[in-house]
Amino acid sequence: MSDYVNELLSEIKAKNPSEPEFHQAVQEVVESLDAVLERHPEYRAARIVERMIEPERVLMFRVPWVDDQGLVQVNRGFRIEMNSAIGPYKGGLRFHPSVNLGILKFLAFEQVFKNSLTTLPMGGGKGGSDFDPKGKSDGEVMRFCQSFMSELQRHIGPNTDVPAGDIGVGGREIGYLFGQYKKLRNEFTGILTGKGLNWGGSLIRPEATGYGSVYFCCEMLATRSQSMDGKVCLVSGSGNVAQFTTEKINDLGGKVVTLSDSGGYIYDEEGISPEKLAFIMELKNVRRGRISAYAEQYPGAVYTPTDADRDHNPLWSHKADCAFPSATQNEINEKDAQNLVDNGVLAVSEGANMPTTLAGVNVFLNAGVLYGPAKAANAGGVAVSGLEMAQNSQRLPWTREEVDQRLQLIMRNIHETCVEMAGRFGTPNNYVNGANIGGFLKVADAMLDQGIV
Ligand code: NDP
């Protein structure tokens, strides 16, 4: 690491204590930018990186609501408006008890680069709450969403900030949030993406992150003259991203043998067929049940509960060709990465945000694994959100085929950008550097053009 990068990291740690995920995300990016900053002193002179790591605005607010017992509950709401150099702030809302300022800052920071890579005009943001939708009734979730939006509505708008879903925020939550915005503001505009199809949503938006992660993996495999056909795949998570990753792998002739939730994971050697996936979708999206129910339904599958005392996650110890971490941050540590490599993994495509620790990333890079980092591999979700914004502005819906073709093209372009930038700055085949540099340059140039703001 150069002195400049070291100083920057020390400063960010001193200024933002207790935000380890944010430090991790910044470290990964600035390490990649060493060669760029060396060749382009104008970025350092304008202190572009220092400005990019400071959010343009941080909103934090009280979210009071009444539960089914009539008791008053209080949660904390956030919106991080990170960077608007190339478009309105754009990024999801996460409802999960682990949500705090540091987690959302890491996500918002990543989002700036990811959105830039999509080639669409979107800045970066992220938000959410420490509210846990698990185990809550629909009425409780609705009252929480209404209270959350009562404050958030002051800060968002179709040309200002357009949130979407993330962990714990799916179609149900987006509906309640949109309804409250419309009531308070008396306007029907595209202030959220991931909307229902009957009220401004885009076809393929629910599928986009998972499909995009598989398309990105196919692009990486093609560089070694391989395809998804016949590949055995490990997928983690069982939410939106994991479900549609599994669907697309099945479509392309691959076989998914694992899925998980925070309680544990299932291993099904036979593969999670479209029929079994339909069971999972009903289990998770309608009944809101646990993944362990899969092993009760399909006795050939083995369920392993999560054990926090283990130094690795056994899900990643199964032999496979491809891995799609699609649950949450830091779910692949150094040992997990080594287990995957020892079992001959060819490609890793990150559906989740920052699912691999920095030490794990180095294991993949040193072993020559085709490693697609989150900000490239999972950019399909926000890309189709961008297409949803375009359709809302036009007031015209596009067909499923049109959106899917655009998604495939965007993922191909992101892959090309990563390859080109990695090569141009001296680290061929390093998708981490390629994605960070490709995402950075566009935002940095826009910031230079727009002056010190
Ligand atoms: P969902 O809420 O639909 O599903 C999340 C899944 O991950 C669930 O199976 C959940 O299990 C599991 N999970 C969540 N937190 C943990 C944890 N701390 N430990 C273990 N498992 C956990 O979310 P999404 O599928 O939308 O998001 C998954 C990942 O993809 C996230 O990293 C998100 O940021 C990223 N992403 C999502 C996009 C989207 O369009 N939705 C776009 C780009 C990235 P449980 O139910 O037990 O909590």
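Residues numbered from 1 in each chain as written. Predicted model: local features only at pLDDT ≥ 70, side-chain atom pairs only at ≥ 80, totals over all residues.

**Q** For this particular structure, what's the right way to read the overall build of the protein?
**A** Helix and strand counts for the protein come out as 18 helices and twelve strands. Seen through its principal axes, the protein has C-alpha atoms that stretch 60 × 55 × 45 Å. Expressed as a percentage of the 453 residues in the protein, the buried residues total 51%. The contacts in the protein between residues at least 6 apart in sequence include a share of 74% that link residues at least 24 apart. (Helix = DSSP H or I, 4+ residues; strand = E, 2+ residues; numbered from the N terminus. Buried ≥ 20, exposed ≤ 12 C-beta atoms within 10 Å, placed from the backbone. Contact = placed C-beta atoms within 7 Å.)

**Q** Whenever I open this one, the sheet that holds strand β2 (residues 72–83) confuses me. Can you help?
**A** Pairing is mixed in the open sheet, where five strands are placed in the order β1-β2-β4-β3-β5. This sheet does not close on itself; its edge strands, each paired only once, are β1 (57–66) and β5 (161–164). Taken over all neighbouring pairs, the strand axes of this sheet differ in orientation by 20 degrees on average, direction set aside. Here β2 pairs with strand β4 (residues 124–129) via six bridges, running antiparallel. By the bridge assignment, I80 is partnered in β4 with K126. (Pairing = 2+ DSSP bridges. Axes fitted to C-alpha atoms, helices over the stretch in contact; angles between N-to-C directions.)

**Q** What is the right way to read the site of the ligand from this model?
**A** As a matter of local geometry, the ligand sits amid 24 residues, with G239, D261, S262, A352 and G381 nearest to it. Here the shell around the ligand is built from residues that sort into five nonpolar, 17 polar and two charged. Two domains each donate at least three residues to the shell around the ligand, and these are domain 1 (3–189) and domain 2 (208–372). (Near = placed C-beta within 6 Å. Nonpolar A, V, L, I, M, F, W, Y, C, P; charged D, E, K, R; others polar. Domains from an automatic or database assignment.)

**Q** Explain the packing of helix α10 (residues 240–251) against helix α11 (residues 274–286) to me, please; I cannot follow it from the model alone.
**A** Each pair of packed helices can be described by the angle between their axes along with the distance between the axes. Following both chains from N to C, one finds α10 and α11 inclined at 170 degrees, their axes separated by 10 Å at the closest point. Of the possible angle classes, the one that applies to α10 and α11 is roughly antiparallel. Residues Q243, T246, E247 and N250 of α10 form the contact with α11, whose participating residues are P274, L277, I280 and M281. Class assignment of the residues belonging to the contact of α10 with α11 gives a composition of four nonpolar, three polar and one charged. (Parallel < 35°, antiparallel > 145°, perpendicular 65-115°, else oblique.)

**Q** Quick question: what am I supposed to make of the domain arrangement of the protein here?
**A** Many authors give the size of an interface as the accessible area that is lost as the parts come together. Domain parsing of the protein yields domain 1 (3–189) and domain 2 (208–372). A separation of 26 Å is found between the C-alpha centroids of domain 1 and domain 2. Of the residues lining the interface, ten residues belong to domain 1; the matching set on domain 2 comes to six residues. Secondary-structure elements contributing two or more residues to the side of domain 1 that touches domain 2 are α2 (20–32) and α6 (101–117). Top element by residues in the side of domain 1 that touches domain 2 is α2. It accounts for five residues. Of the residues that constitute the side of domain 1 that touches domain 2, the class distribution is four nonpolar, three polar and three charged.

**Q** Mind showing me how you'd approach helix α17 (residues 400–424) here?
**A** Every α-helix winds through 3.6 residues per turn, so residues three or four apart in the chain are directed the same way. Look at α17: 36 Å from first C-alpha to last across 25 residues, which is about the 36 Å you get at 1.5 Å a residue. Of the surrounding elements, those touching the buried residues of α17 are α6, α9 (205–222), α15 (374–377), α16 (380–394) and α18 (431–450). Positive backbone phi, approximately 85 degrees, marks G426, located one or two places after α17. (Expected span 1.5 Å × (residues − 1).)

**Q** Looking at this structure, how should I read unusual backbone geometry?
**A** Among all residues except glycine, the phi angle is most often negative; among peptide bonds, the trans geometry is most common. Even without a glycine there, the phi angle at N330 is positive, about 55 degrees. Positive phi is not limited to glycine here, since N429 has a value of about 70 degrees. For N429, the location among the structural elements is in the loop between α17 and α18.

**Q** How do you make sense of the environment of E401 when you look at a structure like this?
**A** Of note, E401 is situated in helix α17. Classification of E401 by C-beta neighbours within 10 Å gives exposed; the count is 10. Along the primary structure E401 and G92 are separated by 309 residues, whereas in three dimensions their C-alpha atoms are 25 Å apart.

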